[in-house]
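Architecture at a glance
This is what each chain is made of:
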Amino acid sequence: MKKLKDQNVKGAVDYLPEEETIRRNIRRTLEDTFIQYNCLPLETPILNKQDLLSSKYAGGAEILEEMYTLSDRGERELALRYDLTIPFAKVVAMNPDLQMPFKRYEIGKVFRDGPVKPGRFREFTQCDVDVTGVDSPLAEAELMEMACDIFSKLNLEVTIQYNNRKLLAGLLESISIPEPLLNDVILTLDKLEKIGMDGVKKELQQKGVSSQSIALVEKETQQWMNKEICYFKSYSSANEKVKQGLQELEELTSYIEGLGLQKRCKFNPFLARGLDIYTGTIYEIFLTDQSISSSIGSGGRYDSAIGGLLGTGEPVSTVGISFGLDVILTAIKSKEEPLSLDENPDYLIIPIGTKLEALIVASSYRKKGYRVELDMSGKRTGKSLDSANKRGIKQVIFVGEQEVESNEIVLKLLEEGNEERIPFQF
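The shown structure was predicted, so the numbers you read here are calculated from the model rather than taken from an experiment.

Quick look at the layout of surface pockets now. The volume enclosed by the second largest pocket comes to roughly 260 Å³. Forming the walls of the second largest pocket are Arg-165, Lys-166, Ala-169, Glu-179, Leu-182, Asn-183, Ile-186, Lys-241, Asp-276, Tyr-278 and Thr-279. Of the residues belonging to the lining of the second largest pocket, the class tally is 4 nonpolar, 2 polar and 5 charged.

What follows is the structure in structure tokens.
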């Protein structure tokens, strides 16, 4: 047979049982925590109308360049979803009778034709929670607490960086950055930690920002770097956006401190998130040891999306958080002590010339709630026992012809080496 090579599309991967077991454990941890916070389940289509995903209230120019587009037999323009946010906003817009606040979670595949690197693929799984109908930063605080709970359960130490887009936009307005350039400057400043000030200046030049404006950005950002929220109060009297952003940040910080999360949450005045959709609070989650440089979760407030899809333009309070299942897997695999998983069966059933009867025993034990593996290898009993010992299986049941005749099975405890006969009605 001809050997298969490179049969996977670039950025799409197969997960063999060992990895997939860890992925499913991560997914269960996320989903159990979502349910604990009383989030409701939702599922949206992977296939969407292209104009929905490309609307100005969606992901922004950079993501739209990575969107997979196609057409159907009716020549309708379609696209694969690149996140779960706009599909959620669409659901809320189409269902005005939803009880508010509406808090949902969704776990599903998304697709982006972007760069491939460790933990970042073109087909990947996102795990999202979104809340609509809550004006207060209380919603953001709860989502940030949820993130801390999840990563504590996964034994990953994380830092959540947070900021407010109103504050950053207002600060740039206060140093006379023209309104048409605000978004370009914000999205470039978001990369400050990755590309440094020289990289920021170069990118702003490429975007057509004037030398005077670039010099102002460089001068002021040096002053803003590593400053606490209270430092920016002096700007609030002259700019309404700064004032609003500070008020929201101060309230959010009071909740963070009240929950005792201040050591895991850090204010970053340059954090912007690379999406046009965000209107207020934003946050990104990083491994504290920086063993992976990219974020493993992120989110923020996007009050314009639902009203924009409805065509009213009226803000609808909405905030969300997203966790990348694949990058979390990469983080867990990189640890010296990976997540401990006990995936062995409770019982291994070994038939000795009794295939049907062994199948009946396995069925009976599964109905009792046990995890059961039926040995179908056809190996000799000794080899099957050696394999069970190597795998760490603790309990083996033998079903032989003699046992069937006497309506019994033999239970062997491998660690103790003990055997006992147990009545079983065939």
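Helix-helix packing: each pair is described by the crossing angle between the helix axes and the interaxial distance. Two numbers describe how helix α6 (residues 165-174) lies on helix α10 (residues 240-258): the axes approach to 7 Å, and their chain directions differ by 150 degrees. Here α6 lies roughly antiparallel to α10, going by the angle between them. Relative to α10, the crossing made by α6 is left-handed. For the pair formed by α6 and α10, the contact residues are Lys-166, Leu-167, Ala-169, Gly-170, Leu-171 and Glu-173 on the first element and Lys-241, Val-242, Gln-244, Gly-245, Leu-246, Glu-248 and Leu-249 on the second.

Moving on: the sheet that holds strand β11 (residues 318-324). What the 8 strands build is an open sheet, ordered β1-β5-β6-β11-β10-β9-β7-β8; its pairing is mixed. The strands lining the two open edges of the sheet, one partner per strand, are β1 (40-41) and β8 (265-267). Inspection of the sheet shows strand β5 (residues 102-111) paired to strand β6 (residues 123-132) by 10 bridges, in the antiparallel sense. The residue bridging Ile-107 from the neighbouring strand is Cys-127, located in β6. Each of β5, β6 and β11 is contacted by helix α1 (residues 17-36), which is oriented at about 160 degrees to β5, the strand it contacts most. Sheet strands in contact with α10 are β7 (158-164), β8 and β9 (281-287), and its direction is about 150 degrees off that of β7.

What follows concerns the pattern of salt bridges. Applying the stated criterion across every chain yields a total of 22 salt bridges. Across the pair Lys-333 and Glu-19 runs a salt bridge whose closest N-O atoms are separated by 2.2 Å. Of this pair, Lys-333 sits in helix α12 (residues 325-333) while Glu-19 is found in helix α1, placing the two residues 314 residues apart along the sequence. For Lys-333, a relative accessible area of 45% corresponds to the partly exposed category. The closest approach of N and O atoms between Glu-140 and Arg-301, which form a salt bridge, is 2.8 Å. Here the residue Glu-140 occupies a position in helix α5 (residues 138-153), and Arg-301 occupies one in strand β10 (residues 297-301), the gap between them amounting to 161 residues. Each member of the pair, Glu-140 as well as Arg-301, carries the same accessibility label: buried. The network of salt bridges with shared partners includes Glu-20, Arg-23, Arg-24 and Asp-326.

The rules behind each value
Residues numbered from 1 in each chain as written. Predicted model: local features only at pLDDT ≥ 70, side-chain atom pairs only at ≥ 80, totals over all residues. Heavy atoms only, no water. 1 Å grid on protein atoms, 1.4 Å probe; cavity = no way out; pocket = protein on both sides within 12 Å on 5 of 7 lines; lining within 4 Å. Points joined across faces, edges and corners; volume = space filled by probe spheres on them. Nonpolar A, V, L, I, M, F, W, Y, C, P; charged D, E, K, R; others polar. Axes fitted to C-alpha atoms, helices over the stretch in contact; angles between N-to-C directions. Helix = DSSP H or I, 4+ residues; strand = E, 2+ residues; numbered from the N terminus. Parallel < 35°, antiparallel > 145°, perpendicular 65-115°, else oblique. Left-handed = near helix turned anticlockwise from the far one by under 90°. Contact = heavy atoms within 4.5 Å. Pairing = 2+ DSSP bridges. Salt bridge = Lys/Arg side-chain N within 4 Å of Asp/Glu carboxyl O. Buried < 20%, exposed > 50% of the residue type's maximum accessible area, 1.4 Å probe, protein only.

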